[in-house]
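Now for the letters of each chain:
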Amino acid sequence: MKSKLFTASLVASALFAGLGVAPAMAQSTNTPRIDQAQQAISTRIQQGMASGHITPSEAQVLIRRERDIQMRENQYKANGSANPQERQQLRADLSALNADVERMMANREVVRPGYAGNAGDAASTPGIDNREYQIGQRIDEGVRSGRITQREARRLERREREIARHEAFFKSDGVVTRNERRQLRDELDALREDVERMMHNNDRYGRG
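Residues numbered from 1 in each chain as written. Predicted model: local features only at pLDDT ≥ 70, side-chain atom pairs only at ≥ 80, totals over all residues. Heavy atoms only, no water.

(A) Structural detail: a positive patch on the surface. Positive charge collects at one region of the surface, where R151, R154, R155 and R158 lie side by side. Mapped onto the elements of the fold, R151 is located in helix α6 (residues 150-171). By relative accessible area, which is 61% here, R151 ends up exposed. (Patch = residues over 30% accessible without salt bridge, like charges linked within 9 Å, V, L, I, M, F, W, Y side chains within 5 Å. Areas by Shrake-Rupley, 256 points an atom, 1.4 Å probe, with all protein chains shown as cover. Salt bridge = Lys/Arg side-chain N within 4 Å of Asp/Glu carboxyl O. Lys, Arg positive; Asp, Glu negative; His and termini not counted. Charge placed at Lys NZ, Arg CZ, Asp CG, Glu CD. Helix = DSSP H or I, 4+ residues; strand = E, 2+ residues; numbered from the N terminus. Buried < 20%, exposed > 50% of the residue type's maximum accessible area, 1.4 Å probe, protein only.)

(B) The pattern of salt bridges, seen in detail. Taken as a whole, this structure holds 19 salt bridges when the rule is applied. D189 is the partner of R192 in a salt bridge, and the nearest nitrogen-oxygen pair spans 3.1 Å. Separated by 3 residues within a single helix, R192 and D189 lie in helix α7 (residues 178-199), roughly one turn from each other. When its relative accessible area of 39% is taken as the criterion, R192 is described as partly exposed. Residue class for D189 comes out partly exposed when judged on its relative accessible area of 23%. Linked through salt bridges whose partners overlap, the residues forming this network are R64, R67, D140, E157 and E160.

(C) Region of interest: the side chain of S42. In this structure, S42 sits in helix α2 (residues 32-51). On the basis of relative accessibility, which here comes to 4%, the residue S42 falls in the buried class. A polar atom in the side chain of S42 sits 2.6 Å from the side chain of E66. (Polar contact = N/O pair within 3.5 Å; in protein donor to acceptor, adjacent residues only side chain to side chain.)

Written as structure tokens, this is what we have:
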């Protein structure tokens, strides 16, 4: 059991590191309560993965939402401060995210993919989850390198979330069929091809 929790913790750490989610903003931050809420949500997501209440694919969607909130916070603070309306928007976004995390944590159905004898095995999609994670990392790499714009990244991430919703729907009856797995793989392959096309367009933004 300890090894499973340790493994889940490692996966969670990899997800957070790969998606660039920091537990706290720089020390110059002037939004400590918002940062504390972000830290609490991050911790809660990791707990959900360790307990089996939140799958890696679900965690990725949640973490991306958290990262989007952090990006908005950085934009708001670009002029040295965040005004009351901006702070209120950040709190509202975090409250909605926290509500979704707690809803998943309250779900009595616990699925630990790959655990022998578990009824959730038929709904286990580790290969698909791994593809989702790798594509997410690649998008982040593209944004950092300047080959993928923020606008393009948002479009790609919307497609990621749509695939994640399909996966959650397919898992809702406890079984992911062969055709459903094929559909998810096809959707992910198409998304990955678009990401790679952007990444290998070396003429973008003056790159040669």
